[in-house]
Amino acid sequence: MELAVLFGALLLLLALGVPVALCLFGASLLCFLAIGLPPVLAVQRTASGINVFALMAIPFFIFAGDLMYRAGIAERLVRVADATFARVRGGLGLVDVGASMMFGAVSGSAIASASAIGSSMAPLMREKGYPGEYAMNVTVTAAIVGLLIPPSHNMIIYAAASGIGVSIGDLFVAGIVPGVVTGLMLMGTAWVVARKLGLPRGTFPGWRAFASAAIYAVPGIMTAVIIMGGILSGIFTATESSAVAVVYTILVGALVYRTLGWREFWQAAERSVRTAAMVLFIIAAATSFGYALALLEVPAELGELIGRMTDDPVLTLLVINIMLLVLGTFMDMAPLIVITTPIFLPVAMDVGVDPVHFGVVMMLNLGIGLITPPVGAVLFAGAAIGGVSVGRMIRTIWPFYLTLLVALILITYVPALSLGLVHAWNG
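Residues numbered from 1 in each chain as written. Predicted model: local features only at pLDDT ≥ 70, side-chain atom pairs only at ≥ 80, totals over all residues. Heavy atoms only, no water.

- Per an unreviewed UniProt entry, the recorded name for the chain is TRAP transporter large permease protein, and the organism is Aurantiacibacter spongiae.
- What UniProt records for the chain under Sequence similarities (unreviewed entry) is the sentence "Belongs to the TRAP transporter large permease family."
- According to the UniProt record, the Subcellular location (unreviewed entry) comment for the chain is "Cell inner membrane". (UniProt positions renumbered as here; feature names shortened; annotations may be inferred.)

In structure tokens, the structure reads:
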């Protein structure tokens, strides 16, 4: 009965168009009342959901990503990628993926990457005769790579939701190789599709232009180097690194590139506050919802169900991946991480899956949900930025979907891709 109230209320509120955070809070509140618990418990669990020191990094990384966009760092990364891949047929597709990988390494946000790179690449690709849907298909799928390449605030959410002290530094390191591999696979797909469509070949601008673009991009790329170097060397924590990223980005944008003024700074601050408040409210409400699930013993029951289905690690991971892919089409990434991590992580660990490896698998899996209707936030953002209908994108995006699914299978069943660098670093 109580479980029916919990999920019935959630689905009803979602169908009515109520914001996700309020859906999660309202469903948990009604569930507590059905159980006979005081309603104040929903408020207490919601407040405790963001009373986690590591989550302080999220607003800082969001702020840093928005500052990078307004400081023009994305445009400089596009120039480097363009100088590298322009002479390949359909080279602007490869440029898009390469720039998204580099921007993901300094922002860690799929939405920020799609917005920044899409705003720079969409007009350029249209000018060169590229179909609008091709441009945005490449942009939105490449944006998912930013969820794997550190820093990624979603990895911070996973570490907090795991409840077993998963190292954020290990998660950041574990995402590097899978992120690069996924990006290279998307480049290959962009090239194959470009050849099939007969898209134009660019021209190499010359080594001087390449060197100039690279030199101008170095200060922006150094953001990722400083963040990861500081964390891995022990100079500062992941939370402290997020604050360092903000300060460094302000200095680069204002003093080096001279493109970040007071107007851009306040615009970035205003947008980041709204985004961070939304993300943290979702995390808080999802914590209350997850507590209701725990009271009803849903994680244990689901674990037993999967255990009765199979105790084989391969099949267990397959079942979990399918469940996450389905859930990702209906709910945003942050609440899903908070809700599903306590459910699926113990099941995965019972069959010998490393929690760091499982975190990387979750990042890519739920990232695919961000570009899958009906609730694909990155998909809809890309459609709006490129001026292309979602329907046109869906009809032609399937090669990129297929590539991401192959990458997911590869990363799921080849743990060395995620854990090789981690083991090497930890000795």
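**Re the pattern of salt bridges**
So, point 1. Tallied over the entire structure, the rule returns two salt bridges.
So, point 2. We note a salt bridge from Arg-392 to Glu-133, for which the minimum N-O separation is 2.5 Å. You can see Arg-392 sitting in helix α20 (residues 390–396) and its partner Glu-133 sitting in helix α8 (residues 132–143), a full 259 residues away along the chain.
So, point 3. For Glu-133, a relative accessible area of 17% corresponds to the buried category.
So, point 4. As a salt-bridge pair, Arg-274 and Glu-270 come within 3.0 Å of each other at their nearest N and O atoms. Highlighted residues: Arg-274 and Glu-270, both in helix α14 (residues 262–295), separated by four residues, approximately one helical turn.
So, point 5. Residue Arg-274 is classed as exposed on the basis of its relative accessible area, which comes to 58%. (Salt bridge = Lys/Arg side-chain N within 4 Å of Asp/Glu carboxyl O. Helix = DSSP H or I, 4+ residues; strand = E, 2+ residues; numbered from the N terminus. Buried < 20%, exposed > 50% of the residue type's maximum accessible area, 1.4 Å probe, protein only.)

**Here's the deal with helix α22 (residues 416–426)**
Think of an α-helix as turning once every 3.6 residues; residues three or four places apart then point the same way.
So, point 1. For α22, the set of buried residues is Leu-417, Ser-418, Leu-419 and Val-422.
So, point 2. Structurally, α22 contributes buried residues whose contacts are with α10 (168–174), α11 (176–197), α18 (355–369) and α21 (398–413). (Contact = heavy atoms within 4.5 Å.)

**Some details on a nonpolar patch on the surface**
So, point 1. A contiguous nonpolar patch, built from Val-314, Leu-315, Leu-318, Ile-322, Val-326, Phe-330, Ile-409, Leu-410, Tyr-413 and Val-414 and spanning about 840 Å² of accessible area, is present on the exposed surface.
So, point 2. Taken together, the elements giving at least two residues each to the nonpolar patch come down to α16 (313–328) and α21.
So, point 3. Per-element accounting of the nonpolar patch gives the leading share, five residues, to α16.
So, point 4. With respect to the helices and strands, the residue Val-326 is situated in helix α16.
So, point 5. For Val-326, a relative accessible area of 46% corresponds to the partly exposed category. (Patch = residues over 30% accessible without salt bridge, like charges linked within 9 Å, V, L, I, M, F, W, Y side chains within 5 Å. Areas by Shrake-Rupley, 256 points an atom, 1.4 Å probe, with all protein chains shown as cover.)

**Topic: unusual backbone geometry**
So, point 1. Phi at Arg-258 is positive, roughly 55°, even though this residue is not glycine.
So, point 2. The residue Arg-258 is located in the loop between α13 (238–256) and α14 in this model.

**Side note on the nonpolar core**
So, point 1. Within the largest apolar cluster, 143 residues are counted, with the highest numbers of intra-cluster contacts made by Tyr-134, Tyr-158, Ile-283 and Phe-358.
So, point 2. If one sorts the elements of this core by residue count, α14 sits on top with 13 residues.
So, point 3. Those residues within four positions of Ile-283 in sequence are excluded, and the remaining contacts are Gly-49, Leu-55, Ile-58, Ile-157, Ala-334 and Val-338. (Core = buried A, V, L, I, M, F, W, Y, C linked by side-chain atoms within 4.5 Å.)

**Some thoughts on helix α2 (residues 20–35)**
So, point 1. Counted at 1.5 Å a residue, the expected span for α2 with its 16 residues is 22 Å, and the 23 Å between its end C-alpha atoms agrees.
So, point 2. Of the positions making up α2, those classed as buried are Ala-21, Cys-23, Leu-24, Gly-26, Ala-27, Ser-28, Cys-31 and Phe-32.
So, point 3. Contacts made by the buried residues of α2 are with α1 (2–15), α3 (40–49), α14 and α17 (333–350).
So, point 4. One or two positions beyond α2, positive phi appears at Gly-36, with a value near 100°. (Expected span 1.5 Å × (residues − 1).)

**Brief notes about the side chain of Asp-170**
So, point 1. Within the secondary structure, Asp-170 is located in helix α10.
So, point 2. Of the side chains with opposite charge, Arg-45 lies nearest to the buried Asp-170, which makes no salt bridge, at 25 Å.
So, point 3. The contacts of Asp-170, once residues within four sequence positions are left out, are Val-356, Val-422 and Asn-426. (Lys, Arg positive; Asp, Glu negative; His and termini not counted.)

**Side note on the packing of α3 against α14**
So, point 1. Here α3 crosses α14 at 125°, and the two axes come no closer than 7 Å. In terms of axis orientation, α3 runs oblique to α14. Judged by the twist between their axes, the crossing of α3 over α14 is right-handed. Of the residues in α14, those in contact with Leu-41, Ala-42, Arg-45, Thr-46, Ser-48 and Gly-49 of α3 are Ile-283, Ala-284, Ala-285, Thr-287, Ser-288 and Tyr-291.
So, point 2. Here the contact of α3 with α14 is built from residues that sort into six nonpolar, five polar and one charged. (Axes fitted to C-alpha atoms, helices over the stretch in contact; angles between N-to-C directions. Parallel < 35°, antiparallel > 145°, perpendicular 65-115°, else oblique. Left-handed = near helix turned anticlockwise from the far one by under 90°. Nonpolar A, V, L, I, M, F, W, Y, C, P; charged D, E, K, R; others polar.)

**Some thoughts on the environment of Thr-287**
So, point 1. Mapped onto the elements, Thr-287 comes out in helix α14.
So, point 2. In sequence terms Thr-287 and Asp-96 are 191 residues apart; their C-alpha atoms lie 36 Å from each other.

**Comments concerning the packing of aromatic side chains**
So, point 1. Enumeration over the complete set of coordinates arrives at seven aromatic pairs.
So, point 2. A ring pair is formed by Trp-262 and Phe-265, whose centres lie 5.9 Å apart and whose planes are at 85°; its orientation type is edge-to-face. With Trp-262 and Phe-265 both in helix α14 and three residues apart, the pair spans about one turn of that helix.
So, point 3. Ring geometry for Trp-262 against Trp-266: centres 6.4 Å apart, planes inclined by 20°, an arrangement best described as stacked. Within this pair, Trp-262 and its partner Trp-266 are both found in helix α14, separated by four residues, close to a single helical turn. (Phe/Tyr/Trp six-rings, centres within 6.5 Å; stacked < 30°, edge-to-face > 60°.)

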